[in-house]
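Now for the letters of each chain:
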Amino acid sequence: MTAALALGDDALVLAHRLGEWAGHAPVLEEEVALANIALDLLGQARVLLSMAGDEDELAYLREERAFRNVQLVEQENGDFAHTIARQLYFSTYQELLYGQLAAGESEFAPLARKAAKEVAYHRDHAEHWTLRLGDGTAQSRERMRRGLDTLWRYTGELFEPVDGLDLDRDALRRGWTDSIGSVLDRATLTVPEGPQRGAWTAGAGRQGLHTEPFGRMLAEMQHLHRSHPGATW
Amino acid sequence: MVATVVESESAGAEAYAEAFDAAVAADERIEPRDWMPGDYRATLVRQMAQHAHSEIIGMQPEANWITRAPSLRRKAILMAKVQDEAGHGLYLYSATETLGASRDDLLDKLHSGRQKYSSIFNYPTLTWADVGAIGWLVDGAAITNQVPLCRCSYGPYARAMVRICKEESFHQRQGYELLLALSRGTDAQHAMAQDAVDRWWWPSLMMFGPPDDESAHSARSMAWKIKRHSNDELRQRFVDICVPQAEALGLTLPDPDLRWNEERGHHDFGPIDWEEFREVLRGNGPCNDQRITQRRQAHEEGAWVREAAAAYAAKHTDRLHGEATA
């Protein structure tokens, strides 16, 4: 079940990253919003991982190289603009992806239909903040630009094939590129230039190749569970 | 609603005060537009702000475990709980605004130490079991304190508390259930649960505030029906509730003097270390600095985000206005 792992790991890892914001958000309303998005993603992750096996075994007992999430979602939170850039890129992708899955007849269709409303809200949240930060103050504009630029190189992976998923990848890329272009235009920003993937040919997240911060994230996430083998919680 | 008072010079302030007293005596709700004594307003702002601050500071000790929760189910429950606390903070700041306070000003007072939050959050969460102990004991004590506030004389506070108490009761149950799973788990898990209860029991009893004869604001708050029961009364109620629950959990409460008193119909319990309470209140608890530093830091680091949102809103209001008048 490579596809269930790929989509489940995306949701799990991003949920975990968003959970790191708890108690650190810039305004109380965002404490609620970021936690809400994290909870939606965690819910999706639990359904998807359960399609592939035992959710806790998969989340807590796999090594880094066995995770199939895209590198984009494992990137550290950075400042709020960085997090919003990550959210914008990913939620735009996820909405289009789930849109395709919801219209199809694969085993992912029921989840995709159920999660459609959630991911539409995630995208809407990210878009609104991109507009506010891009067209806010000089400082917010610069931070937003930097976040978008830094993460740009992780966006190409979103359109790579996923084993077991029958997707119209051209439509996915077109939809994503149009949507991001339109939001950035309204935010008075420009689409980053440069390649949408790194120069390394060894592969990326979907092949189990991750970035350095991911290992530390898993160490923290898995530590307690692994310290008590066989225990139930 | 307070009965309408005919506004005339002869009626004057006295008539307003009488109407207020009559409304409180009749168990009616005071609403934001009703006249109220200045001290009543100030007492409510102080208490409600402290409550709101406690919700947002209280997120920290639990958020400390979100990234390490040992199962995905527990991670989801904990995230939802911490999110509820942010939500409670929001309702309570909003309810405080009905009294003329502003959230920004209240946050300034929190950050500069001019307003307090519940001292319990100055204790650290050292193990996963602490998440359970906070739910069972700290939220349990909070509910015991807060259920009577659903009948508080000030309408917006009372209504906010109805919703908050419903969610708190879920929090308390998840804590109890978490501890039960640990207590019935491996020896190491059981020991972790017992250790957490040992550390959180006495601070939880302190959450009801100083003994009645030393409580600075109690008598007046009772007269105004902001408060309905005394500190000692609520503390006793809490102890009586916890004892059978601890037995069901298979855990012991760390008090050698704890025993049923047939004559009183209550449990007797040992003396509380009020010196520790005062020290923590004074700022010398294990986490006072850490909690307020994190809160201040989040606020300061978020300043540019709030400024951006304000600048964007202002630009777009101008643009809308410009289009309308063009």
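All residue numbers refer to position in the chain's written sequence, counted from 1. Chain labels run from A onward and ligand labels from 1 onward, assigned in the order the entries are written. With the structure being a predicted model, the display of local features is reserved for residues of pLDDT at least 70 and the display and counting of side-chain atom pairs for 80 or more, all residues being used for whole-chain, interface and lining totals. Note that water and hydrogens are dropped before the side-chain values are worked out from all heavy atoms of the structure.

- The name recorded for chain B in an unreviewed UniProt entry is 1,2-phenylacetyl-CoA epoxidase subunit PaaA, from Streptomyces pathocidini.

- The name recorded for chain A in an unreviewed UniProt entry is 1,2-phenylacetyl-CoA epoxidase subunit PaaC, from Streptomyces pathocidini.

1. A short note on helix α8 (residues 169-186) of chain A
Residues and elements named next belong to chain A.
Here's step 1: Here a helix means four or more residues in a row that DSSP labels H or I, a strand means two or more in a row labelled E, and each is numbered from the N terminus. In a helix, the anticipated span is given by 1.5 Å times the number of residues less one. Relative to the 26 Å expected for 18 residues at 1.5 Å per residue, α8 spans 26 Å between its end C-alpha atoms, a close match to the ideal helical length.
Here's step 2: For each residue, the accessible area found with a 1.4 Å probe, counting protein chains only, is set against the maximum for its type, and the residue is called buried under 20%, exposed over 50%, and partly exposed in between. For α8, the set of buried residues is Leu172, Trp176, Ile180, Val183 and Leu184. Across the axial projection of α8, the buried residues extend over an arc of 95°, all falling on one side. Residues of α8 that are exposed and point over 90 degrees away from its buried face: Asp170, Arg174, Asp178 and Asp185.
Here's step 3: Buried positions along α8 lie against α5 (80-103), α6 (109-134) and α7 (138-152).
Here's step 4: Directly beyond the C-terminal end of α8, a positive phi value near 60° is found at Thr188. Along the arc lie the directions from the helix axis toward the C-beta atoms. Note on contacts: a residue pair is in contact if any heavy atoms of the two residues lie within 4.5 Å.

2. A few points about the layout of surface pockets
Here's step 1: One number sums up the size of the second largest pocket: a volume of about 300 Å³.
Here's step 2: For cavity detection a 1 Å grid was placed over the protein atoms alone, and a set of points counts as a cavity when a 1.4 Å probe fits there but cannot get out; an open set counts as a pocket when protein lies on both sides within 12 Å along at least five of seven lines, with lining residues being those that have an atom within 4 Å of a point. In terms of lining residues, the second largest pocket is bounded by 16 residues, among which Trp21(A), His24(A), Gly78(A), Asp79(A) and Glu301(B) are the most central.
Here's step 3: Elements supplying a minimum of two residues to the lining of the second largest pocket: α11 (288-301) and α12 (303-325) of chain B.
Here's step 4: Looking at which element gives the most residues to the lining of the second largest pocket, the answer is α11(B), with four residues.
Here's step 5: Ten residue types, Ala, Val, Leu, Ile, Met, Phe, Trp, Tyr, Cys and Pro, are classed as nonpolar, four, Asp, Glu, Lys and Arg, as charged, and the remainder, Gly among them, as polar. Counted by class, the lining of the second largest pocket contains six nonpolar, six polar and four charged residues. Grid points are joined across faces, edges and corners, and a volume is the space filled by probe spheres set on the points.

3. Quick notes on empty space enclosed by the protein
Here's step 1: What the rule picks out here adds up to two cavities of 30 Å³ or more.
Here's step 2: As a volume, the largest cavity reaches approximately 100 Å³.
Here's step 3: Leu18(A), Gly19(A), Ala22(A), Glu31(A) and Ala35(A) are the residues nearest the centre of the largest cavity, which is lined by 15 residues in total.
Here's step 4: Sorting the residues of the lining of the largest cavity by element identifies α1 (2-19) and α2 (28-52) of chain A together with α3 (72-97) of chain B as the ones contributing at least two each.
Here's step 5: Broken down by element, the lining of the largest cavity gets its largest block of residues, five residues, from α2(A).
Here's step 6: Of the residues in the lining of the largest cavity, the class split is 11 nonpolar, two polar and two charged.
Here's step 7: In this structure, the second largest cavity encloses a volume near 40 Å³.
Here's step 8: Along the walls of the second largest cavity sit Gly23(A), Leu28(A), Glu31(A), Ile56(B), Met59(B), Gln60(B) and Arg295(B), which together make up its complete lining.
Here's step 9: When contributions to the lining of the second largest cavity are tallied by element, the ones reaching two or more residues are α2 of chain A together with α2 (38-63) of chain B.

4. Quick notes on the pattern of salt bridges
Here's step 1: For salt bridges, the criterion is a side-chain nitrogen of Lys or Arg within 4 Å of an Asp or Glu carboxyl oxygen. Enumeration over the complete set of coordinates arrives at 32 salt bridges over all chains.
Here's step 2: One salt bridge connects Arg123(A) with Glu127(A), and the closest N-O pair in it is separated by 3.1 Å. Taken together, the residues Arg123(A) and Glu127(A), both in helix α6 and four residues apart, mark about one turn of the helix.
Here's step 3: Residue classification places Glu127(A) among the buried positions, given a relative accessible area of 12%.
Here's step 4: With a shortest N-O distance of 3.0 Å, Asp135(A) and Lys315(B) are connected by a salt bridge. With Asp135(A) in the loop between α6 and α7 and Lys315(B) in helix α12, this pair bridges two chains.

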